[in-house]
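Now for the letters of each chain:
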Amino acid sequence: MHARLEGGSIAEKARRDAAGPARHSLHTLVVVVFLEGAARYQQLQFALSLSPFPFPSYTSLASESTSSSIRSPVRRPAASSSPDSVAVPLMGSRRGRQQHPGAGTGEGSQAPHPGGRGGRVHVAPFPQQAPQRGNQGQGGTAPPQQPRGRTGEDAGRGRARGGRPPQQYPSDGRGAHGDGAGPLGRLAPELRQAMEASSEPPLRASQMLAGPSEPAAQEDPPAELGQGSKQVAVRPESTSVTMSAVPSSSKAIRFPLRPGKGSVGTRCLVKANHFIAQLPDKDLHQYDVSITPEVTSRIVSRAVIKELVNLHRASYLGGRLPAYDGRKSLYTAGPLPFTSKEFQITLLDDDDGSGSQRRQRNFTVVIKFAARADLHRLGMFLAGRHTEAPQEALQVLDIVLRELPSTRYMPFGRSFFSPDLGSRQRLGDGLESWRGFYQSIRPTQMGLSLNIDMSATAFIEPLPVIDYIAQLLSSNIHSRPLSDADRVKIKKALRGVNVEVTHRGNMRRKYRISGLTTQSTRELTFPVDEGGTVKSVVQYFQETYGFAIQHTYLPCLQVGNQKRPNYLPMEVCKIVEGQRYSKRLNQNQIRALLDVTCQRPRDRERDIIQMVKHNAYQDDPYAKEFGINISDRLASVEARILPAPRLKYNETGREKDCLPRVGQWNMLNKKMVNGGKVRSWMCINFARNVQESLVRGFCHELALMCQNSGMDFALEPVLPPLNARPDQVERALKARYHDAMNVLGPQRRELDLLIGILPDNNGSLYGDLKRVCEIDLGIVSQCCCAKQVFKMNKQIHANLALKINVKVGGRNTVLVDALSRRIPLVTDRPTIIFGADVTHPHPGEDSSPSIAAVVASQDWPEVTRYAGLVSAQAHRQELIEDLYKVWQDPQRGTVNGGMIRELLISFKKSTGQKPQRIIFYRDGVSEGQFYQVLLFELQAIRKACASLEANYQPKVTFIVVQKRHHTRLFAHNHNDRNSVDGSGNIIPGTVVDSKICHPTEFDFYLCSHAGIKGTSRPAHYHVLWDENNFTADGLQTLTNNLCYTYARCTRSVSIVPPAYYAHLAAFRARFYMDPETSDSGSATSGPGGRGPPSGSSTSRSTRTPGGAAVRPLPAMKDSMKNVMFYC
């Protein structure tokens, strides 16, 4: 969108207006907005008051979207006559948002339209019966296409402008290269959430967001929703109903400012793996680099620029040592002696040992001045006097500090690996681990810091291809020919791998494998001249190189392109060293890699300090050139240990409540606060090595444990345990279910639970069982491995009882403060807590969809029981597409749906009240996606609420939960037993909201769990939207206390339970996909797909950015939708 201000800037216009002889107290200016592709202008009128404070320089234009249904709460000035002009209130700071005194409350504002389309739509109140879920169509708000980022450590970061490497710190799109809003820039009129407060009395967010028909000062709870089914017609053209405004683009949004620092808890000191970086006092310049012919390899690009610097640094470069990003940008500490210059560079190919003349490659390099990086703005941002992070300056510093490690080590994402940084460890199947370190420059409250952490990843062993294949197949390939399955496995593993030949003495020419031949080596022939003369590969190698091929029964490697393929026998090839393995690891490899990376806190801290000293940043020529100094000491950070919450158990137990110690407790002398009912159950044994008598004994002990824990659990099954074959899981389950219902049907009873005993190595059996039970039969199931049956101890039975209880609708424990209504901003009014996550396919799986899951609390004030819904969406799409949907039904017309809407309806049915607050914990979002996710998903929440009842807009707090970061916290004194838990980690409940946190925004690190093995990773919580005005103590205490309500164990967990449950549900749902939809086959289960009611012939599916339809997940049985089946 291009914008033009008539008559100058906002401030200039306002001052000219004020200088006139006859001016109203309310001054307006007209902003003419030109929408690309449209032959019209649209006038918007901003009402601006002449306040004593200067106007913010970053006030931007609001954009309207024809596809958006949400309008900002707007008021027309009385003097306005243009039907297209609206008055937009200015936002104050998070604690002091301002409403302009001159804003009127006329009837001209447009009403929200949940469907996102024109015309008239009927919006019904919360119904008594939730409508059946169906497949969502193409209606509603379609998410913008996601940038396809790399997986692993660098996943989700996207790409910075101009092809430069992205910063881990989020960019709000306000750089010199454009607004960066993309398709999201047209969602709704803008809303500022954090600007400097004016001198006028502050207003709450709720006052700022209130519409004309809802007084801003109102604090009383809204009246109960009507119980009838009366339809309310909403006319977008005339109604005065409004919603809370949603930001339209990253330029329109400011994340909440930190509401002060917390004070609750016991103060202590911890160390963080952040090293203070002194801000350079240099004049940083950026230059665009063009290399001709175009180079796609970063290695070659770096080689070209390295040669250029070696040749011309002292002359044409004026003695400067530039830092190069490997792509299109070059940075210098001061200007070069030119603004644009062309260089001719010649590179020689590596010596392949053949003794022949090395090939020369000529390149033309053009270096042209682009911009200056503003370090003053960075300093202002770090000092908290500027709200916007200057991405260009941060990017320069990050590239400078990466320059030297990129030449020494193998870079991947933000990590560097080398076999010299630690001993290699074999992972099995031809893979090995390399040690390395992670490095990232970050803006923090203490200034710039360099985050350093230890890391490890898998590389392909530099083995002869024959030996690699033998390890891959775990068999002796010399004794038998390859099967078709073997060929597929080898081809998948070797495609794209670089090899070097070994049959030509010192000559080690390198090739990239493109495939395998379908014929064996002894059968392969190729033409040697145009006359049609052919020669066999075996004959050619014997005559040309004197090499006798031994393994003639194996296929050849195919290298080169498909048009002119070359054939290389496997035994003359060796895998080139230093190739990272990017495909999915198997369980044994993952276990071996975790053994390498799992270090006790004391050891990890020691290795990090040694790595910093090894890197010797004080001697780094690039750091010296740019004036960057890095401390070699870990940052010392003030922290607090939050107290554990008291947990409530049933009054019939000997212990009616308990206070956890060091993040742990047990079920001794306690009974579940609400025991579930299991009156009818059955067991099927798929483990051939478990005898029937052992199965009976195990099930009886489990039933006793459930009874003793407070459940109403029948001691005897409906039918005796059944032994079944693992390869006939679906047939066995359905047949036994049919037998059970023959017994229960006449009594009008249902089967409550299936217990499945599985082999220890069960492959796809677990996923198949979950799919059949939850999609086809509608029964909850509890699986047990054979080794658990053999152990037969009470701890295993107690843990299984916890899972079974919540699956059948019970509650294990609740917070005492919840029952006594002492949780601020949760228990005073009906509050629903959401958790959301998106799981993506494993690396290498290019066709599988991503799975989104949303869970929501269904009890209040306890907030312990969660219902969950899942949906398939476009491959690697991070935005949750199915939060709110609108589609056209042939019979019902326009239909509203989506996961948020259904869960709100479910909450109303369960509690009898509509939520007045929404707390939304969003997992799995990288910092570079904060703006995209908030803009799209907050709008979906707003639309879902508005589709249920006019004027229904509960206050929303949107919090991102991050675990994939590299900040680690260590005890200040590892020998102080009061500072560490049994594993040597910091005490559960340790929270940090200073020094290493964001300079101005509302975030904190919380280590809510006790360590078991290795170094604990604190969760990072970042508040992106907060209309409930949480204090730091309020949100930190709530989050920590919720971590003690996780249903599956008697320990506090590392991330807040709703986010944890959403992850479990999304992982479970991958089991529901058809094998051809999922490259990985089975995974785990979760609630069903969105779509028309089961039995409907209509089927709509989400579309990928490329236009291909994503097959929806099969619908889950209704009996599964309101229970925690995913536990």
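For the structure, see preceding data.
The rules behind the values
- Residues numbered from 1 in each chain as written.
- Predicted model: local features only at pLDDT ≥ 70, side-chain atom pairs only at ≥ 80, totals over all residues.
- Heavy atoms only, no water.
- Helix = DSSP H or I, 4+ residues; strand = E, 2+ residues; numbered from the N terminus.
- Buried < 20%, exposed > 50% of the residue type's maximum accessible area, 1.4 Å probe, protein only.
- Pairing = 2+ DSSP bridges.
- Contact = heavy atoms within 4.5 Å.
- Axes fitted to C-alpha atoms, helices over the stretch in contact; angles between N-to-C directions.
- Disulfide = S-S within 2.5 Å.
- Phe/Tyr/Trp six-rings, centres within 6.5 Å; stacked < 30°, edge-to-face > 60°.
- Lys NZ or Arg CZ within 6 Å of the ring centre and 35° of its normal.
- Parallel < 35°, antiparallel > 145°, perpendicular 65-115°, else oblique.
- Left-handed = near helix turned anticlockwise from the far one by under 90°.
- Nonpolar A, V, L, I, M, F, W, Y, C, P; charged D, E, K, R; others polar.
- Salt bridge = Lys/Arg side-chain N within 4 Å of Asp/Glu carboxyl O.

(A) Region of interest: the overall build of the protein. Scanning the protein for helices and strands turns up 21 helices and 46 strands. In the protein, which comprises 1127 residues, the proportion classed as buried is 56%.

(B) Expanded view of the environment of Ser315. Assignment of secondary structure puts Ser315 in the loop between α3 (298-312) and β9 (323-324). Of the residues examined, Ser315 reaches a relative accessible area of 43% and is grouped as partly exposed. Separated by 22 residues in sequence, Ser315 and Pro337 have C-alpha atoms that sit 9.4 Å apart.

(C) Region of interest: the sheet that holds strand β33 (residues 753-758). As summarised here, the arrangement of the 4 strands in space is β32-β30-β33-β34, forming an open sheet in which the pairing is parallel. Two strands in the sheet have a free side with no partner beyond their single neighbour: β32 (722-723) and β34 (780-785). Where helix α13 (residues 729-744) meets the sheet, it contacts β30 (681-685), β32 and β33, and its direction lies at approximately 150 degrees from that of β30. Packing of helix α14 (residues 765-777) onto the sheet brings it into contact with β33 and β34, and relative to β34 it is tilted by some 165 degrees.

(D) Up close: the state of the cysteines. Going through the model one piece at a time under the given rule, you end up with 0 disulfides. Of the cysteine sulfurs around Cys783, a residue in no disulfide, the closest is that of Cys784, at 7.2 Å.

(E) The packing of aromatic side chains, seen in detail. Here the structure, examined in full by the defined rule, presents 26 aromatic pairs. Measuring from ring centre to ring centre gives 5.5 Å for Phe541 and Tyr545, while their planes differ by 55 degrees; the resulting arrangement is tilted. Of this pair, Phe541 and Tyr545 both sit in helix α8 (residues 537-545), separated by 4 residues, roughly a single helical turn. The class of Phe541 is buried, set by a relative accessible area of 4%. Given the relative accessible area of 28%, Tyr545 is considered partly exposed. Through successive ring pairs, a cluster of aromatic residues spans Tyr866, Tyr1046, Tyr1060, Tyr1061, Phe1125 and Tyr1126. One residue, Arg580, lies across the ring of Phe412, its end atom 3.6 Å from the ring centre.

(F) Local environment of unusual backbone geometry. Residue Pro293 follows Thr292 across a cis peptide bond; omega there is 0 degrees. Along the chain, the position of Pro293 falls in the loop between β8 (284-292) and α3. The omega torsion across Trp860 and Pro861 is 15 degrees, close enough to zero to call that bond cis. With respect to the secondary-structure elements, Pro861 resides in the loop between β37 (850-857) and β38 (866-873). Positioned with a positive phi, Asn669 is a non-glycine residue whose angle comes to about 65 degrees. Given the relative accessible area of 34%, Asn669 is considered partly exposed. A positive phi angle, near 50 degrees, is found at Met792, a position not held by glycine.

(G) Region of interest: the sheet that holds strand β22 (residues 555-559). Judged by pairing direction, the sheet is antiparallel, and its 5 strands sit side by side in the order β23-β22-β19-β18-β24 without closing on themselves. Looking at the sheet topology across the chains shown, the edges are occupied by β23 (566-569) and β24 (573-575). Across the sheet, the axes of successive neighbouring strands diverge by a mean angle of 55 degrees, strand direction being ignored. Across 3 bridges, strand β18 (residues 498-501) lies against β24 in antiparallel orientation. Paired with Val501 across the bridge in β24 is Cys573. Docked against the sheet, α8 engages β22 and β23, running at close to 75 degrees with respect to β23.

(H) Just the packing of helix α6 (residues 465-473) against helix α7 (residues 484-494), in detail. Where α6 meets α7, the closest approach of the two axes is 11 Å, and the angle between their N-to-C directions is 120 degrees. In terms of orientation, α6 lies oblique with respect to α7. Here α6 runs over α7; the crossing is right-handed. Contact with α6, carried on its side by Val465, Tyr468, Ile469, Leu472 and Leu473, involves Asp486, Lys489, Ile490, Ala493 and Leu494 of α7 and no other residues of that element. Here the residues of the contact of α6 with α7 sort into 8 nonpolar, no polar and 2 charged.

(I) A look at the pattern of salt bridges. Scanning the entire structure with this criterion turns up 43 salt bridges. Across the pair Asp349 and Arg359 runs a salt bridge, and its minimum N-O distance is 2.7 Å. Taken as a pair, Asp349 in the loop between β11 (340-348) and β12 (360-373) and Arg359 in the loop between β11 and β12 lie far apart in primary sequence, 10 residues in all. Taking relative accessible area as the criterion, Asp349 reaches 17% and is therefore assigned buried. The class of Arg359 is exposed, set by a relative accessible area of 51%. A salt bridge links Arg414 to Asp398, with the shortest nitrogen-to-oxygen separation between them at 3.1 Å. Linking Arg414 in the loop between β13 (410-412) and β14 (415-417) with Asp398 in helix α5 (residues 391-408), this pair joins segments that are 16 residues apart in sequence. The residues Arg414 and Asp398 share a single accessibility class, namely buried. One network of salt bridges, with partners in common, ties together Arg435, Asp603, Arg606 and Asp607.

Fair warning: the whole summary comes from geometry, so function is off the table for now.
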